[in-house]
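Listed below, chain by chain, are the residues.
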Amino acid sequence: MRPFLWGAATAAYQVEGSAGAEGRGSSIWDEFCRRPGAVLGGMTGDLACDSYRRWPEDLELLKRLGVGSYRFSVAWPRIQAEGSGRPLQAGLDHYRRLCEALLEAGIEPAATIYHWDLPSALEAAGGWPERDTARRLADYADILFGALGDLVGRWFTVNEPWCAAFLGYGQGLHAPGRRDEGEAYRAAHHLLLGHGLALRAYRARGLAAPIGIVLNPSTPRPATARAEDAAAAERAGAQRTALFLDPLYGRGYPEAHLALHPAARPPVEEGDLELIAGPCDMLGINYYDEDAVEAAPAGPGRLEAWRKAPSWREKTDMGWDIVPEGLYRQIMALTRRWPIGALYVTENGAAFRDEPEPAPPAGGFPPSAEPGPAFRVRDRGRIEYLRSHAAACLRARADGAPVEGYYAWSLLDNFEWSLGYSKRFGLVYVDFASGERIPKDSFWFYRDLVAGQELGAPPAGLSGGS
Ligand code: FCB
């Protein structure tokens, strides 16, 4: 069995800042943030964690954490300001430097090619509902394969195409803020096609590092043991799950789901499904919560005939139920239903209302030879969340699921999309006024977990046996 990979993740628009630096073009998120009412308090990613400039500090944090892999994303508008044409050397140099420094520290660079920052020029030309955007993504990806292929240890083509398509073009909650169900399905198809075209370009280069896509499947549990609730749960999960996994694993689009959405006509052309089903080396899943759902009368706008059941579960600051066994269930369900060769939990974590408090001087904290910070964040909730979810992951692995790694979301508190800086997901607290980084208690917990001290086997001698 391959060793388990522990990592931490971020995404470019959420942490980098330096929005206008070195020829970077505008993305749909730059524009969306400027639309009144779109993002809480009119907040933007202009500065964020300032990681474009402060990445050496972030690297030091990763080293102290001891993770084996850092999942970051490349900002498309830093590579192609307008989304096409010759690349910007400054952007490529930045990510080369980052990758080289990670490798030097013994940390695998895991690059996400597209984490939602579509160049504005491509949105002006129609965005993801247009087929050409898929070709543009593949061209951009191929630039990265050429420029970073000798350094990147793991590639993820697209992050959460469901969010990009359905929050961006269907519900209008994310950039570019359009609201049209038909467009959302067109966008979903072109995001998958972009993935498939990028994959083909990657294979043509003969690079060896594993490549895959990152989804956020939803596998709600039926609220009761009634058969109709089980059927409702299947319908409720299909748009985030079968709609993507079926075509990725060569089964075409799920007709039962499309039939419930009259506007849903993925614009499939000859050869598309073969491209989308190109063999991947791994699948990434982002897991945060699990809902319980029950059958409900169908009605206008509710053709799928289900609703969320009320829940007694404790919630994170996002209002999301904390359900660690849901991660176990999801991994088992996905790997039974689709022939997934290797699976990585590419994001998992929780937002809580963290408050730094002055740390007692020389108070023996943190529990190591590390220099003690002036502030401490006692985020017990996040520690419990991470511990239970990492354990769920390892349980699925012990039960035979091909789970090979886990990335905590996120290394840093960052720009949480339409909720701005109001939701803190970091292992590290960020003071957004000064850029100062303060490792939270969960940072030290995760360091110990990665080192095998929190979830590992009992020490030799205590493990029983013959
Ligand atoms: C996921 C996104 C990630 C982050 C988390 C909380 O949907 O991929 O960027 O915002 O949610």
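Look up a bit, the structure's there.
Heads up: these notes are all about the structure in this document. (Residues numbered from 1 in each chain as written. Predicted model: local features only at pLDDT ≥ 70, side-chain atom pairs only at ≥ 80, totals over all residues. Heavy atoms only, no water.)

Describing the overall build of the protein
At step 1: Each helix and strand in the protein was counted, giving 16 helices and 15 strands.
At step 2: Relative to the globule expectation of 23 Å for 466 residues, the C-alpha radius of gyration of the protein, 22 Å, shows essentially globular dimensions.
At step 3: A principal-axis box enclosing the C-alpha atoms of the protein has dimensions of 65 × 55 × 50 Å.
At step 4: Going through the 466 residues of the protein one by one, you find that 60% of them count as buried.
At step 5: Across the protein, contacts joining residues at least 24 apart in sequence account for 76% of those joining residues at least 6 apart.
At step 6: For the protein, the accessible area works out to roughly 18,200 Å², and carbon and sulfur atoms hold 53% of it.
At step 7: Counting 50 positive and 60 negative side-chain charges, the protein places the centres of these two groups 2 Å from one another. (Helix = DSSP H or I, 4+ residues; strand = E, 2+ residues; numbered from the N terminus. Rg over C-alpha atoms; globule rule 2.2 N^0.38 Å. Buried < 20%, exposed > 50% of the residue type's maximum accessible area, 1.4 Å probe, protein only. Contact = heavy atoms within 4.5 Å. Areas by Shrake-Rupley, 256 points an atom, 1.4 Å probe, with all protein chains shown as cover. Lys, Arg positive; Asp, Glu negative; His and termini not counted. Charge placed at Lys NZ, Arg CZ, Asp CG, Glu CD.)

Looking at the site of the ligand
At step 1: Surrounding the ligand, one finds Gln14, His115, Trp116, Asn159, Glu160, Asn286, Tyr288, Glu347, Trp409, Glu416, Trp417 and Phe425.
At step 2: The side chain of Trp417 places a nitrogen or oxygen atom 2.9 Å from an oxygen atom of the ligand.
At step 3: Taking 290 Å² as the accessible area of the ligand by itself, protein coverage stands at 95%.
At step 4: For the shell around the ligand, the per-class residue count stands at 5 nonpolar, 4 polar and 3 charged. (Near = heavy atom within 4 Å. Polar contact = N/O pair within 3.5 Å; in protein donor to acceptor, adjacent residues only side chain to side chain. Nonpolar A, V, L, I, M, F, W, Y, C, P; charged D, E, K, R; others polar.)

Observations regarding the sheet that holds strand β6 (residues 221-222)
Hydrogen bonding along the main chain pairs the strands of a sheet, whether they run parallel or antiparallel.
At step 1: Read across the sheet, 3 strands follow the order β6-β8-β9 without closing on themselves; strand pairing throughout is mixed. Sheet topology places β6 and β9 (306-308) at the edges, where each strand pairs with a single neighbour.
At step 2: Here β6 runs beside strand β8 (residues 292-295); their pairing, made up of 2 bridges, is parallel. Within β8, the residue paired with Arg221 across the bridge is Ala292.
At step 3: On the sheet, helix α10 (residues 227-238) packs against β6, β8 and β9 and is oriented at approximately 115° with respect to β8. (Pairing = 2+ DSSP bridges. Axes fitted to C-alpha atoms, helices over the stretch in contact; angles between N-to-C directions.)

What to know about the pattern of salt bridges
At step 1: Using the criterion set out here, one finds 41 salt bridges in the structure.
At step 2: Arg78 is the partner of Glu16 in a salt bridge, and the nearest nitrogen-oxygen pair spans 2.7 Å. Residue Glu16 is found in the loop between α1 (12-15) and α2 (28-33), and its partner Arg78 is found in helix α4 (residues 76-79); the two are separated by 62 residues along the sequence. Of the two residues examined, Glu16 and Arg78, each falls in the buried class.
At step 3: Put simply, Asp354, Asp379, Arg382, Asp413, Arg424 and Lys440 are held in one network by salt bridges that share partners. (Salt bridge = Lys/Arg side-chain N within 4 Å of Asp/Glu carboxyl O.)

A word on the side chain of Asp58
At step 1: Inspection of the secondary structure puts Asp58 in helix α3 (residues 51-65).
At step 2: For Asp58, the contacting residues outside a window of four places in its chain are Ser51, Leu411, Leu412 and Arg437.

Quick notes on the pairing of strand β7 (residues 282-286)
At step 1: Of all 5 residues in β7, 5 are buried; the element is thus mostly enclosed.
At step 2: Side chains of β7 alternate between two faces, with Met282, Gly284 and Asn286 and Leu283 and Ile285 buried alike.
At step 3: Bridge analysis of strand β5 (residues 211-215) against β7 gives 4 bridges, and the strand direction is parallel. Each residue of the ladder has a partner; that of Val214, found in β7, is Gly284.
At step 4: Sheet analysis places β7 next to strand β10 (residues 343-348), joined by 4 bridges and oriented parallel. Directly across from Asn286, in β10, lies its bridge partner Glu347.

Overview of the nonpolar core
At step 1: Judged by nonpolar contacts, the single largest core of 140 residues is most densely connected at Trp29, Tyr114, Trp155, Ile331 and Tyr446.
At step 2: A per-element tally of this core places helix α9 (residues 181-205) first, with 10 residues.
At step 3: Other than its neighbours up to four places away in sequence, Trp155 contacts Ala111, Ile113, Leu144, Phe145, Leu148, Gly149, Tyr202, Ala209, Pro210, Ile211, Gly212 and Met282. (Core = buried A, V, L, I, M, F, W, Y, C linked by side-chain atoms within 4.5 Å.)

What about the pairing of strand β13 (residues 403-409)?
At step 1: Counting buried positions along β13 yields 7 of 7 residues, so the element is predominantly enclosed.
At step 2: Relative to β13, strand β1 (residues 5-9) is paired through 5 bridges, and the arrangement is parallel. Counted as the bridge partner of Ala8 is Ala408 from β13.
At step 3: Inspection of the sheet shows β10 paired to β13 by 4 bridges, in the parallel sense. Directly across from Tyr344, in β13, lies its bridge partner Gly405.

Interpretation note: all reported values are geometric properties and have no functional meaning in isolation.
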